[in-house]
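Take a look at the letters that make up each chain.
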Amino acid sequence: MDKNTRFKIESRLAQIGSIEEPVTGAINFPIYQATAFRHPQLGKSTGFDYARTQNPTRKVLEEAAAELESGDAGFACSSGMAALQIVFTLFGQGDHLIVSLDLYGGTYRLLERILSKFGVSATYVDTNNLDELEQSRRPNTKAVFIETPTNPLMMITDIEAVSNWAQRHNLLTIVDNTLLTPFFQRPLELGADIVVHSATKYLGGHNDVLAGLIVTKGTELSAEIAFLHNSIGAVLGPTDSYQLMRGMKTLALRMERHESNATAIAKFLLTHSAVAEVFYPALPDHPGYEIQNKQSSGNTGIFSFKVKDARYVEPLLRHIRLIAFAESLGGVESLMTYPAVQTHADIPEEIRQAVGVDDRLLRFSVGIEHVDDLIADLGGALDAAVEEIEGGAKHE
Ligand SMILES: *Cc1c(COP(=O)(O)O)cnc(C)c1O
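Residues numbered from 1 in each chain as written. Predicted model: local features only at pLDDT ≥ 70, side-chain atom pairs only at ≥ 80, totals over all residues. Heavy atoms only, no water.

### What to know about the pattern of salt bridges
Put simply, the test is: When a carboxyl oxygen of Asp or Glu is within 4 Å of a side-chain nitrogen of Lys or Arg, the pair counts as a salt bridge. Helix and strand definitions follow DSSP, with helices as H or I runs of at least four residues and strands as E runs of at least two, each counted in order from the N terminus. Three labels apply to residues, based on accessible area from a 1.4 Å probe with only protein chains included: buried if under 20% of the type maximum, exposed if over 50%, partly exposed otherwise in between.
What the rule picks out here adds up to 11 salt bridges. With its nearest N and O atoms 2.7 Å apart, the salt bridge here joins Lys-294 to Asp-158. In this pair, Lys-294 is assigned in helix α11 (residues 289-295) and Asp-158 in the loop between β4 (141-147) and α6 (159-168), connecting sequence segments 136 residues apart. We classify Asp-158 as buried; its relative accessible area is 11%. Residue Glu-314 is joined to Arg-318 by a salt bridge in which the shortest nitrogen-to-oxygen separation is 2.9 Å. Taken together, the residues Glu-314 and Arg-318, both in helix α12 (residues 313-319) and four residues apart, mark about one turn of the helix. Residues participating in the shared-partner salt-bridge network are Glu-314, Arg-318 and Glu-388.

### A short note on the UniProt feature "modified residue: N6-(pyridoxal phosphate)lysine" (unreviewed entry) in the chain
Applicable threshold: UniProt positions are given in the numbering used here, feature names are shortened, and annotations may be inferred rather than shown by experiment. Note on contacts: a residue pair is in contact if any heavy atoms of the two residues lie within 4.5 Å.
UniProt feature "modified residue: N6-(pyridoxal phosphate)lysine" (unreviewed entry): in the numbering of this structure it lies at Lys-201. Among all residues touching Lys-201, those that are not within four sequence positions of it are Tyr-104, Thr-178, Ser-328, Leu-329 and Gly-330.

### Quick word on unusual backbone geometry
Cis geometry marks the peptide bond from Thr-148 to Pro-149; its omega dihedral reads -5°. Within the element layout of this structure, Pro-149 appears in the loop between β4 and α6. For the bond from Asn-151 to Pro-152, the omega torsion is 15°, close enough to zero to count as cis. On the secondary structure map, Pro-152 appears in the loop between β4 and α6. The residue Met-154 is not glycine, and still its phi comes out positive at about 60°. When you line up the elements, Met-154 lands in the loop between β4 and α6. A residue is classified by how much of its surface remains accessible, and Met-154, at 0% relative accessible area, is buried. You will see that Asn-170, though not glycine, has its phi angle at about 65°, which is positive.

### Quick notes on the pairing of strand β2 (residues 96-100)
A regular strand places its side chains on the two faces of the sheet in alternate fashion. To keep it simple, the criterion reads: By definition, two strands form a pair when at least two bridges between them are found by DSSP.
The buried fraction of β2 amounts to five of the five residues, a majority that puts the element mostly inside the structure. Where β2 lies against strand β3 (residues 121-125), five bridges are found, and the strand directions are parallel. For Ile-98, the partnering residue across the bridge sits in β3 and is Thr-123. In terms of strand pairing, β2 meets β4 through four bridges, oriented parallel. For Ile-98, the partnering residue across the bridge sits in β4 and is Val-144.

### Quick look at the nonpolar core
The following threshold applies: Nonpolar cores were defined as sets of buried Ala, Val, Leu, Ile, Met, Phe, Trp, Tyr and Cys residues, with membership established by side-chain atoms within 4.5 Å. Those domain boundaries reflect an automatic or database domain assignment.
Within the largest apolar cluster, 51 residues are counted, with the highest numbers of intra-cluster contacts made by Leu-13, Leu-61, Val-144, Phe-183, Leu-213 and Leu-244. Those elements that place two or more of their residues in this core are α1 (9-14), α2 (56-68), β4, α6, α7 (181-184), β7 (212-216), α9 (238-248) and α10 (251-270). The biggest single contributor to this core is α2, with six residues. Each of two domains, domain 1 (9-248) and domain 2 (252-391), supplies a minimum of three residues to this core.

Structure representation (structure tokens):
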């Protein structure tokens, strides 16, 4: 949408849908709760026929998504998993994919338990290692699928390097950009072909709408995804499309606060005696720090940390008050997750151990509450956990 490109991203986010409504001038684009559209005459259409194919409210969201990610077409789906399923349906019998090793558990499950039934196989590698990529490439390899940063271990992949390598071998590069959003990172500008989002997370931002987005580059690929999106039918309804746009209007403000809160809390944890390690690419000693700075304009609001003793986990989760023990991320409310038993339970033990998702690892999705309250809540819970576990021993 050229009309908006002269404005900075904060302005474009705040104004999603606000100049699109030609009839009344409504500032918020309305919810068209309609599935069927009257045709003016035989052979003529308003551009809308049936809502699985297109709905006016969804269309405004899809155009905004495409424009924010610097793509050619956007597709709103009923969840992040629906978006991933649609993208993976580009592939079929005998096709092979190269996939990030430290992967969202649901994506791993989709590939291993469902796509595998349709003859699509995957090899999981450290996608930042071009030698590993090269070794895992087969004659039937069709695409590289990247998460960067990964969740929960925050591994960073150089999107430009991988896209260049993929292009040389005629492979598609697909990036799950859920954790950074187009506010901080735009993979299509770095050479990727497809971006996927769980818009349930930062884009929606309020833990109240389940949605997925796909953004594509190029006419042919966009037409292929449009065909799959309509044929599979896992599209986003008009009310959820509205809800998601409403969330996206404040994305810039929220991401800035998520980042500053998460940075302050990660630094606090580094100084706490019960904490063994903090995994956050905003910290200069993180192995992905330089690549992250090169390809992104900021950091996500989630990070992971390892406590020194797995026995601290249970009392820690019991003592947090402001921070909720729950398994999502990207919302205004702070949530703490225990990946080994929650989000990553579907990933086999040996893969989890190999990447380091063990029983001492906690993931923290830092919300937009006041940072002092968050530090007090987490610090207090850590102290209480240590006291419960070690206190008895000391007094003996
Ligand atoms: C949550 C998530 C998904 C799945 O999205 P849903 O909206 O829950 O279906 C995919 N990828 C990542 C990185 C996620 O965090």
